[in-house]
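Below, each chain spelled out in residue letters.
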Amino acid sequence: MTPLQILEDIITIARAIHAQVETAQNNYAKLQTLAGTMQLLITSLQGLERLPNNERFIQSLWQFHACVIDTQKKVNKIAAIGRTMRFFYAKTIEGDIDASKQRIIEFIPLLSLG
């Protein structure tokens, strides 16, 4: 995949995360902060037509891609948790959301290094 194709895939996944958050009933307030980060990510990355094609940038892009996929899996899992389980895992879920958001925020500057 070219850097632009990887980026387009990241945007697609970010949109899916944002949509999943909008339908989630579990941890809605906490997930909204993640949705805001996803929207910022989408807005920041859309419209980029020229990306560096060096190995360092591509490696960072793939790592970021894996981070976004991991976030999507966590959001899907959180959205599927039932009311009873939500109570028992509330702190863990909040920690997962915060950790995912932080990882995404940490990756953004790496992508500009190209």
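Residues numbered from 1 in each chain as written. Predicted model: local features only at pLDDT ≥ 70, side-chain atom pairs only at ≥ 80, totals over all residues. Heavy atoms only, no water.

Undergrad: What is the right way to look at the nonpolar core in this model?
TA: In terms of nonpolar packing, the biggest core is built from 29 residues, with Ile10, Ile17, Leu31, Leu34 and Phe64 touching the most fellow members. Elements with a contribution of two residues or more to this core: helix H1 (3–23), helix H2 (28–45), helix H3 (55–80) and helix H5 (90–111). Beyond its immediate stretch of four places on either side in the chain, leucine 34 contacts Ile17, Thr71, Val75, Ile97, Lys101 and Ile104. (Core = buried A, V, L, I, M, F, W, Y, C linked by side-chain atoms within 4.5 Å. Buried < 20%, exposed > 50% of the residue type's maximum accessible area, 1.4 Å probe, protein only. Helix = DSSP H or I, 4+ residues; strand = E, 2+ residues; numbered from the N terminus. Contact = heavy atoms within 4.5 Å.)

Undergrad: I keep staring at H3 and nothing clicks. Help me out?
TA: For H3, built from 26 residues, the straight-helix expectation of 38 Å at 1.5 Å per residue is met to within 8% by its first-to-last C-alpha distance of 38 Å. Considered for burial, the residues of H3 that qualify are Phe57, Ile58, Ser60, Leu61, Phe64, His65, Cys67, Val68, Thr71, Val75 and Ile78. The N-cap of H3, judged by a side-chain oxygen 3.2 Å from the amide nitrogen of arginine 56 a few residues on, is asparagine 54. (Expected span 1.5 Å × (residues − 1). Polar contact = N/O pair within 3.5 Å; in protein donor to acceptor, adjacent residues only side chain to side chain.)

Undergrad: Mind showing me how you'd approach the side chain of threonine 71 here?
TA: Its place among the elements puts threonine 71 in helix H3. Apart from the residues within four sequence positions on either side, threonine 71 is in contact with Ile17, Leu34, Ser100 and Ile104.

Undergrad: What is the right way to read the packing of H1 against H2 from this model?
TA: Each pair of packed helices can be summarised by the angle the axes make with each other and by the distance between the axes. Running from amino to carboxyl end, H1 crosses H2 at an angle of 155°, the nearest separation of the two axes being 9 Å. Put simply, H1 runs roughly antiparallel to H2. Pair H1 / H2 crosses with left-handed handedness. Side by side, H1 and H2 meet where Leu7, Ile10, Ile11, Ala14, Arg15, Ile17, His18, Val21 and Glu22 of the first sit next to Tyr28, Leu31, Gln32, Leu34, Ala35, Met38, Gln39, Leu41, Ile42 and Leu45 of the second. Residue composition of the contact of H1 with H2, grouped by class: 14 nonpolar, 3 polar and 2 charged. (Axes fitted to C-alpha atoms, helices over the stretch in contact; angles between N-to-C directions. Parallel < 35°, antiparallel > 145°, perpendicular 65-115°, else oblique. Left-handed = near helix turned anticlockwise from the far one by under 90°. Nonpolar A, V, L, I, M, F, W, Y, C, P; charged D, E, K, R; others polar.)

Undergrad: Hey, could you run me through the packing of aromatic side chains in this one?
TA: Pairs of aromatic rings are described using the distance from one ring centre to the other and the angle between the two planes. Within this structure, the stated rule accounts for 1 aromatic pair. A centroid spacing of 5.6 Å and a plane angle of 50° characterise the contact between phenylalanine 64 and phenylalanine 107, whose relative ring orientation is tilted. Taken together, the residues span a long stretch of sequence, with phenylalanine 64 in helix H3 and phenylalanine 107 in helix H5 at a distance of 43 residues. By relative accessible area, which is 12% here, phenylalanine 107 ends up buried. (Phe/Tyr/Trp six-rings, centres within 6.5 Å; stacked < 30°, edge-to-face > 60°.)

Undergrad: Teacher, can you tell me more about the pattern of salt bridges here?
TA: Pairing between side chains becomes possible if they bear opposite charge and their charged atoms approach one another. Overall, the coordinates contain 2 salt bridges when judged by the stated rule. Aspartate 70 is the partner of arginine 103 in a salt bridge, and the nearest nitrogen-oxygen pair spans 3.3 Å. Note that arginine 103 is positioned in helix H5 and aspartate 70 in helix H3, a separation of 33 residues in sequence. Of the residues examined, arginine 103 reaches a relative accessible area of 33% and is grouped as partly exposed. The network of salt bridges with common partners includes Asp70, Lys74 and Arg103. (Salt bridge = Lys/Arg side-chain N within 4 Å of Asp/Glu carboxyl O.)

Undergrad: What am I meant to see in H1 here?
TA: Given 3.6 residues to a turn, an α-helix orients residues that are three or four positions apart in the same direction. Here H1 spans 31 Å end to end across 21 residues, near enough to the 30 Å set by a 1.5 Å rise per residue. Within the sequence span of H1, burial applies to Pro3, Ile6, Leu7, Ile10, Ile11, Ile13, Ala14, Ile17 and Val21. The buried residues of H1 occupy one face: seen down the axis, they fall within an arc of 170°. The secondary structure elements touched by the buried residues of H1 are H2 and H3. (Arc of directions from axis to C-beta.)

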